[in-house]
Amino acid sequence: MKKTILTGLRPTGNLHLGHLFGAGESYLKLQDEYEFFLEIADVQGLTDNFNNPEKVRKNVKEITMDLLAIGLDPKKVHFFIQSKIPEIAELTVFYSNLVTVSRLERNPTVKAEIAQKKELFGNNGESITYGFLGYPVSQAADITIFDGEVVPVGEDQLPLLEQCREIVRKFNSIYGEVFKEPTAVLSNTKRIKGLDGNEKMGKSLGNAIFLIDSEETISNKIMNAITDPNKIKKDDPANPEICMVYYYHKLVNKENVENVCRECKGGDRGCVACKKELINAMNNFLNPIKERRKFYEENEQIVTDILKDGTKIAKQRAENQMKKIKEAMMINYD
Ligand code: TRP
């Protein structure tokens, strides 16, 4: 039997290069080795977007199509929608007795997100809802309702995994051994920098190239990318290590990257020509992904069916696990 892997994504926007080089490429490998459950975490998406349900709704299909476009195989990966598995919500309630409020407030991921919210909304703390503070509990339920043993996540998610492991230990020590303690595998060992040179490419940072960006958008973004500020004239020698254009050449123009580097250092390459070459390489890289995506856009019913089929398998698995949980907790009445 294959081990179970589970991960989730909030449907709050389209995927960008950061997702692709970070998480996406590792998912492609993992789909062959594990039974892979991939949760479209609409309920978690709503913790931050409860007043914008249209956004979450729209992005369930969008993000599923992005994931299919990068090559995830629906025969190997069970794509499912979180809210269609009410057992997750049920288990979240059971778990909420096993976690203290102060432990949640000390969770480094939650702490960082609260600090960010305070920066955005002022220091009154009123933007912190019960649901937001509790989302690590809900995420622990996401993982364990499927008996997920391995969880591919980004570095920022490690404290959530640790919290999940604590909940599992507490549950098992009180009610008996029901759950396995899940382990994290880092999926984004490669963090991709943004167009502005920021260490992280992020949707909310406004420095991302999205997989669905049109050729025109890509061209505009790359034309405005940060280059070596000391290079004024076309034939000035420059330092590629501080140039974002060179940085992306390394990712999508591997065949010619050595030339790019040498010519840049030697002053034999103007920035405009260099950017044009990158635009070309980026399009060659993204076009096959867009082609696959176009197929799903034109056949939306296939996407609906992929989500339906995956959700059915997930639901069955969650029902079985819930039986064991209720037995252990002595709330099995039939
Ligand atoms: N919190 C994760 C994120 O924002 C998404 C997520 C939801 C998740 N449920 C999960 C990740 C379960 C791993 C396992 O990226």
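Everything numeric in this text was worked out from a predicted model, so none of it was measured. (Residues numbered from 1 in each chain as written. Predicted model: local features only at pLDDT ≥ 70, side-chain atom pairs only at ≥ 80, totals over all residues. Heavy atoms only, no water.)

Peer 1: Hey, could you run me through the overall build of the protein in this one?
Peer 2: Across its full length, the protein holds 14 helices and five strands. Along the three orthogonal principal directions, the C-alpha set of the protein runs to about 80 × 45 × 35 Å. Looking at the 334 residues of the protein, the share that counts as buried comes to 50%. In the protein, once contacts between residues fewer than 6 apart in sequence are set aside, the share between residues at least 24 apart is 76%. (Helix = DSSP H or I, 4+ residues; strand = E, 2+ residues; numbered from the N terminus. Buried < 20%, exposed > 50% of the residue type's maximum accessible area, 1.4 Å probe, protein only. Contact = heavy atoms within 4.5 Å.)

Peer 1: Before we go on, may I ask you to explain the site of the ligand in this structure?
Peer 2: As a matter of local geometry, the ligand sits amid 13 residues, with Arg10, Gln44, Gln139, Asp142 and Gln157 nearest to it. One of the side-chain nitrogen or oxygen atoms of Glu39 is found 3.4 Å away from a nitrogen atom of the ligand. At 2.8 Å from a nitrogen atom of the ligand is found a side-chain nitrogen or oxygen belonging to Asp142. Taking 370 Å² as the accessible area of the ligand by itself, protein coverage stands at 87%. Only strand 1 (4–9), helix 8 (135–144) and strand 4 (150–153) provide two or more residues apiece to the shell around the ligand. A breakdown of the residues in the shell around the ligand according to their chemical character gives five nonpolar, five polar and three charged. (Near = heavy atom within 4 Å. Polar contact = N/O pair within 3.5 Å; in protein donor to acceptor, adjacent residues only side chain to side chain. Areas by Shrake-Rupley, 256 points an atom, 1.4 Å probe, with all protein chains shown as cover. Nonpolar A, V, L, I, M, F, W, Y, C, P; charged D, E, K, R; others polar.)

Peer 1: Help me understand the pairing of strand 1 in this model?
Peer 2: For a regular strand, side chains alternate in direction, first toward one face of the sheet and then toward the other. Here strand 1 lies mainly inside the structure; five of its six residues are buried. Sheet topology places strand 1 next to strand 2 (residues 35–40); six bridges connect them, and they run parallel. Within the sheet, the bridge partner assigned to Leu6 lies in strand 2 and is Phe37. In this region the chain leaves strand 1, passes through helix 1 (residues 17–33) and returns to the parallel neighbour strand 2; the handedness of that crossover is right-handed. (Pairing = 2+ DSSP bridges. Right-handed = clockwise from strand over helix to strand, strands pointing away.)

Peer 1: Explain the environment of Lys2 to me, please; I cannot follow it from the model alone.
Peer 2: With respect to the element layout, Lys2 can be found in the segment before strand 1. Separated by 258 residues in the primary sequence, Lys2 and Val260 have C-alpha atoms spaced 44 Å apart. Beyond its immediate sequence surroundings of up to four residues, Lys2 is in contact with Asp32, Glu33, Tyr34 and Glu35.

Peer 1: What is the right way to read the packing of aromatic side chains from this model?
Peer 2: Each pair of aromatic rings is reported with the distance of its centres and the angle of its planes. Evaluation of the coordinates by the stated rule reveals twelve aromatic pairs. Pairing Phe21 with Phe285 gives two aromatic rings, centres 5.6 Å apart and planes at 10°, and the pair type is stacked. Pair noted here: Phe21 is in helix 1 and Phe285 is in helix 13 (residues 271–298), with a separation of 264 residues, a long-range link. Given a relative accessible area of 4%, Phe21 falls into the buried group. (Phe/Tyr/Trp six-rings, centres within 6.5 Å; stacked < 30°, edge-to-face > 60°.)

Peer 1: Just to check I follow, could you spell out the packing of helix 10 (residues 215–223) against helix 13 for this structure?
Peer 2: Between two packed helices, both the angle of their axes relative to each other and the distance between the axes serve to describe the pair. The N-to-C vectors of helix 10 and helix 13 enclose an angle of 145°; their axes lie 9 Å apart at closest approach. For the pair helix 10 and helix 13, the sense of crossing is right-handed. Residue-level inspection shows Glu215, Ile218, Ser219, Ile222 and Met223 of helix 10 in contact with helix 13, the latter providing Val272, Lys275, Lys276, Leu278, Ile279, Met282, Asn283, Leu286, Asn287 and Lys290. Residues of the contact of helix 10 with helix 13, tallied by class, amount to eight nonpolar, three polar and four charged. (Axes fitted to C-alpha atoms, helices over the stretch in contact; angles between N-to-C directions. Left-handed = near helix turned anticlockwise from the far one by under 90°.)

Peer 1: Would you mind showing me how to read the nonpolar core here?
Peer 2: Within soluble globular proteins, side chains that are nonpolar generally end up buried alongside one another. Ranked by internal contacts, the top residues of the largest apolar core, which has 57 residues, are Leu17, Leu38, Leu67, Phe79, Tyr248 and Met282. Here the element with the most residues in this core is helix 13; it accounts for eight residues. When neighbours within four sequence positions are excluded, Tyr248 is seen to be in contact with Ile192, Lys193, Gly194, Leu195, Met201, Asn253, Leu278 and Met282. (Core = buried A, V, L, I, M, F, W, Y, C linked by side-chain atoms within 4.5 Å.)

Peer 1: Explanation requested: the packing of helix 1 against helix 13 in the structure shown.
Peer 2: For the pair helix 1 and helix 13, interaxial distance at closest approach is 13 Å and the crossing angle is 70°. With respect to helix 13, the axis of helix 1 lies roughly perpendicular. Mapping the contact onto sequence places Leu17, Leu20 and Phe21 in helix 1 and Met282, Phe285, Leu286 and Ile289 in helix 13. Here the residues of the contact of helix 1 with helix 13 sort into seven nonpolar, no polar and no charged. (Parallel < 35°, antiparallel > 145°, perpendicular 65-115°, else oblique.)

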